[in-house]
Amino acid sequence: MEKYNYNKTEKKWSQKWVEDKTFTPDLKNAKDPYYALFMFPYPSAEGLHIGNFYAFVCTDVMAKYKKLQGKDVFEPFGFDAFGMHLENYALKIGERPQAVEARTTKNFRKQAQSAGLSCDYTREVDTTKPEYYKWTQWLFTKLFEKDLAYQKEALLNWCPSCQTVLADEQIEDGICERCNAQPEKKTMKQWFFRITAYADKMLEGLEDMDWSEITKAAQKNWIGKSEGAEVEFRIKNLESRIKVFTTRPDTLFGVTYMVLATEHSLIKNLKLRIKNYQEVQAYIKKTEAKSELERTENKEKTGVKLEGVYAVNPVNNEKISIWIADYVMMGYGTGAIMAVPAHDERDYEFAKKFDLPIVEVLSGGNIEKEAYIGDGNHINSGFLNGLNKENAIKKITDWLEEKKFGKKEVNYRLRDWCISRQRYWGPPVPVVYCEKCGILSVPEKDLPVMLPETQEWEPSGDGRGPLAKVDEFMNTKCPKCGEPAVREADVMDNFLDSAWYFFRYISPSNSEAIFDAKLGKKWLPVDLYVGGNEHAVLHLMYTRFITMFLHDLDLIDFNNPFKKFRANGMILKDGKKMSKSKGNVISPEEYGKKVGYDALKTYLLFLGPLSEDRSFTDTGVQGTKRWVEKVYKLKEKVLDKYDDSEEAARKLHQTIKVVGENFEEQKYNTAVARLMELTNVFVQAKNISKENWKKYLAIIAPFTPALAEELWREFGNKTSIFSGRNWPDYDKKSIKEETVGIVVQINGKVRDKLKLNADISEADAIKKAKESEKVKKWLFDKEIIKEIYVKGKLVSLAVKD
C-alpha cells in the first residue's frame, strides 16, 4: 500500500474547499444558523504563531462538527489590523504600516486557508479599511450624542516606549502589555467612553452567561462593586474637606489618621499650610518613578506626615494626622483613606512603623499582636457600642446623612475607558474643534474621516498625535457654522475596532448601516466564541459594553454578544511561554509541512482540557502523525459486505455517542482519545463495512478534515463530507455492553471483580460470585447471613465471623 502523502492531500482539499466555497453559507436563506467565532488576529508579524492557531482550531473543530450535523455554519475570518501591535512592528523593521499590513494579512490568510480552516473568506473584515472604520467612527458619534463619549483632563498611564496613553486594562503587573515598558503618570486631556454607566448592567448580566467561570470572575473583580458610605473629613481650621469611600463606616470611631495618594489635589491646595512641603514634594517625586505594582506590593510601609495640617474625625471631633503614602492609589475610590489600624493589616503596619494611635472598636481580637480583621460587637464606639456589623453600618450611615457628614454610596473599581491614542495607525477620532461652536462630532454624511497618507507617521512623544503635523488633515470647516476649524489629532484605541467586528462580519460591504438588521436577527448573538482569557477585562469587557449600547439604540434585542464563550489556555514550548526573544516560537506552517495539519490540529486538541496551558513537544506531535497514518491504512479493510466484529460495531456506536457529548462540552482531548481507541479496535477487526466506514470518517472529520475528505471521496461519494448532514446517529441497542464488571464484596471488602453477562439474573450473579476461587477461601467454614445484588454493579455477601 502506498504511503499517505498528507502534504499533497491537504493542499488539494484546502484549495478545493475555498474554490468551491464549501464553507461559505447562504446567510440570507440559512435554515439552521450556527455562528462560530475565534478572536481575529493582529497581523503584527510575518505569520501566525501556534497560539493564534490553537484558538482558531478550538473553534474550527466545533464549526465542522456542527456542519456535519447539518447546521448552516458561519465561521468568518478577518484582521484586527489597526493599533500599536502592527505599528510597533512597522517601526521595528522600518516600513510603513500600510505596506506591512498588506503583506502580513495576505500571508495570514494563506496560512489559514492552507491549514484547512472552515472559514468563509468571502466576508473578510479588515479594521484598517475605510468601509470598516467609517462605522467605528459612527459608534463614537452615537456615543457622543448620548453623552457617553466625553473629553476630560485626567491622570493617565503614559507609556514612554509606545509614546501614548494606555487604559488601566492595558497595564499588566505594572508594565505595558504591548512593550513591557514601565508606564509613567501624566495629566492629559483625553477622550473617554462612559463604560461605568453600564457597570451594574454588566455585573448583573454575568450571572446567567454561559462563559468560562475564570472569565466571569475576572470581570466581576474588575468591575469591583462595593457598597458603603462616602464620608467627609473636615480639615481643621479650614473649609476644605477630604472625601473618603469606605465599606466599613461602622469603624469610624477607630480612625486615628488619614492617608492621601501622592497625586491628591489637596496637597497642592495646602502648600502654604504644610510646614514640610519640600520633604513632601521629594517623596512625591520618588513615588512617581514607581509602577502601580511596586506601590501596592506587600513591603515595608513608607510615608510622610503633612506637618501643620490635621483632619477632624466627624464622629468624635478628634484631631487626626494626615499623611501621604505610595500604597494609596488615586485611581481607586477618592484617592484618600481613613486608617483604622486596629482592624486593617496595612493600616496596622503603617501605624506601628510611625508610632500612631491604635484604637480597637470591634471585640474579639488582640491588637497588641496584630490587626483583628474579623467581626465582633462594637466597643469604644459611642452610640454604636454593642451593635453587630450589619446594624452598626445602618445606624452610622443614617447618622452621617442626618448630620450631613456623608451619605450611602456605591463605588466601583471600574474606570471609564480612555480611547485616545497619540499614534498614527488607527481610526481618527471624528471630532472638530470650532472657536464659535465648540466641540462637535463629525456628521454621519461626512464619515469616514480618512486616515491620511503621510511621511511623518512616527510617534512624536510630545503628547500629541502625529496627525497634528498634517496641516491638510487638521485644517477643516466647522460642520455647523462653516467657519475654519481643526480636527482632533488623536486616533482611537484598536480595542474599539474589535469591540464590534462580529456584527460587521454578517454584512461587511454594507454602506448604509453598521450591519444588516435582518441578518443580525437571524445570526446574532454569536453561538460560540473562543479566545484567550488575557482579554477578559479588555476585549471581552468592551464587546459587552458596545453590545449593550447597540441594544439601547434598538438595533438588537440582546445584551450578551456571545451565547457561549470558552477561554483557551496557552501553548507552551518545553513548559515555557513562547516569545520571539527566547527563540521558542512555534510556526504552525513548519509543522504543517513536517507532520501535516491534520496531525498538528489533532495533537493540539489532544494535549489537555481546552482551558489549561499545555506544553508542545516534537515527540507528542509525531504520535498523532502515526495515528493519522494508521487511519489511512484502514481503508484496505473496507468491504461492501457487512463483516465487522460485534465488538467493533459496538465500539463504533459507543464512540459516536461519547464523542458527540464531548463536543457539546468542548472536551476535545477526551474525544480524540476515544477516536484513537476505536481506531485500535478497527485495526484488530478483520473487515470494516462501507456503512460503518462512512460513520467512522464522519466522526474523525472535525479533527482530520483533509484525510476524511480524501477517504470519503475514494469510496464513491460525489459531494464533500461537509456538504450535508453526515454526522451519524448511534444505535442505542448496539452500545449496550454484553458483559459488565461486577464487584464482589465480603463484609464490605472487595475480594474479586467478575465479567458477567449484562442481563444475568440475581440468583445467577450470586451463584457465580460464590464460585469464584478468590471468594471461596473467604467463605470457607463461614455462615452467609445476607446476600445483596446491585444489577450490573455489585454482589455483596455478609458472613458471620
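Below is a short write-up of the structure. (Residues numbered from 1 in each chain as written. Predicted model: local features only at pLDDT ≥ 70, side-chain atom pairs only at ≥ 80, totals over all residues. Heavy atoms only, no water.)

Focus on helix α20 (residues 618–633)
What counts here: What counts as a helix is a DSSP run of H or I of at least four residues, what counts as a strand is a run of E of at least two, and both are numbered from the N terminus. An expected span of 1.5 Å times one less than the residue number is assigned to each helix. Here's how the labels work: a residue is buried when its accessible area is under 20% of the maximum for its type, exposed when over 50%, partly exposed in between, all with a 1.4 Å probe on protein chains only.
In this model, α20 (16 residues) spans 23 Å end to end at C-alpha, consistent with the 22 Å of a helix rising 1.5 Å per residue. Taken together, the buried positions of α20 are occupied by Val621, Thr624, Lys625, Trp627, Val628, Glu629, Val631 and Tyr632.

Observations concerning the environment of Asn680
With respect to the secondary-structure elements, Asn680 resides in helix α22 (residues 668–684). Residue class for Asn680 comes out partly exposed when judged on its relative accessible area of 38%. Residues Asn680 and Ala648, spaced 32 residues apart in sequence, show a C-alpha to C-alpha distance of 9.5 Å.

Focus on the sheet that holds strand β21 (residues 438–441)
As a reminder, the rule being used: At least two DSSP bridges between two strands are needed for those strands to be called paired. Comment: axis = line fitted to C-alpha atoms, over the contacting stretch for helices; angle = value between 0 and 180 degrees taken between N-to-C directions.
With antiparallel pairing, four strands are arranged side by side in an open sheet as β21-β20-β23-β22. On the outer flanks of this sheet lie β21 and β22 (475–477), each paired with one strand and no other. Averaged over all pairs of adjacent strands, the angle between their axes in this sheet comes to 40°, without regard to strand direction. Pairing of β22 with strand β23 (residues 484–487), which is carried by three bridges, proceeds in the antiparallel orientation. By the bridge assignment for β23, Asn475 is matched with Val486.

Some words on the pairing of strand β16 (residues 336–339)
Neither face of β16 is open: one carries Ala336 and Met338, the other Ile337 and Ala339, and all of them are buried. Pairing geometry for strand β13 (residues 257–260) and β16, over four bridges, is antiparallel. Bridging from a neighbouring strand, Tyr257 pairs with Ala339 of β16.

A short note on unusual backbone geometry
In this structure, the amide linkage connecting Leu447 to the following residue, Pro448, adopts the cis form with an omega of 5°. Mapped onto the elements, Pro448 comes out in the loop between β21 and α13 (471–474). Pro525 follows Leu524 through a cis peptide bond whose omega is 0°. Mapping Pro525 onto the fold places it in the loop between α16 (517–523) and β25 (528–532). Of note in the backbone geometry, Asp147 takes a positive phi value of approximately 60° without being a glycine. Looking at where Asp147 falls in the secondary structure, it is placed in the loop between α5 (130–145) and β5 (149–159). Positive phi, normally seen in glycine, also occurs at Asp554, with a value near 65°. Along the chain, the position of Asp554 falls in the loop between α17 (539–552) and β26 (564–568). In this structure Asp554 comes out as exposed when scored by relative accessible area, which is 70%.

Here's the deal with the sheet that holds strand β27 (residues 571–573)
Strands sit in the order β28-β27-β29 across an open sheet of three strands; the sheet is mixed. Two strands close off the open sheet at either side, each with one partner strand: β28 (576–577) and β29 (614–616). Looking at chain direction, β27 and β28 are connected through two bridges and run antiparallel. Each residue of the ladder has a partner; that of Leu572, found in β28, is Lys577.

Structural notes on the packing of α22 against helix α23 (residues 690–700)
Between two packed helices, both the angle of their axes relative to each other and the distance between the axes serve to describe the pair. The cut-off we apply is this: Angles are sorted into four bins: roughly parallel if under 35 degrees, roughly antiparallel if over 145, roughly perpendicular if 65 to 115, and oblique for all others. Crossing handedness is read from the near helix: turned anticlockwise from the far helix by less than a right angle, it gives a left-handed crossing, and turned clockwise, a right-handed one. Here, two residues are considered to be in contact whenever any of their heavy atoms come within 4.5 Å of each other. Throughout this entry, Asp, Glu, Lys and Arg are counted as charged residues, while Ala, Val, Leu, Ile, Met, Phe, Trp, Tyr, Cys and Pro are counted as nonpolar. The remaining residues, Gly among them, count as polar.
The geometry of α22 relative to α23 is characterised by a closest axis approach of 11 Å and an angle of 155° between their N-to-C directions. Classed by the angle they form, the pair α22 and α23 counts as roughly antiparallel. Between α22 and α23 lies a crossing whose hand is left-handed. Here α22 contributes Leu675, Leu678, Thr679 and Phe682 to the contact with α23, which in turn contributes Tyr696, Ile699 and Ile700. For the contact of α22 with α23, the residue count by class is six nonpolar, one polar and no charged.

What to know about the packing of aromatic side chains
As a reminder, the rule being used: To pair, rings of Phe, Tyr and Trp, with the six-membered ring standing in for Trp, must have centres within 6.5 Å; the planes then decide the type, stacked if under 30 degrees apart, edge-to-face if over 60, and tilted in the middle. Lysine NZ or arginine CZ positioned within 6 Å of the ring centre and within 35 degrees of the ring normal marks a charge as sitting over the ring.
On inspection of all chains with the given rule, the structure shows 59 aromatic pairs. Ring geometry for Tyr529 versus Phe562: centroids 4.2 Å apart, planes at 35°, classification tilted. In this pair, Tyr529 sits in strand β25 while Phe562 sits in the loop between α17 and β26, placing the two residues 33 residues apart along the sequence. Given the relative accessible area of 0%, Tyr529 is considered buried. Within the aromatic cluster, the residues linked to one another by ring pairs are Phe40, Trp211, Tyr501, Phe502, Phe503, Tyr505, Phe515, Tyr529, Phe558, Phe562 and Phe565. Positioned above the aromatic ring of Phe192, the side-chain terminus of Lys152 is 4.9 Å from the ring centre.

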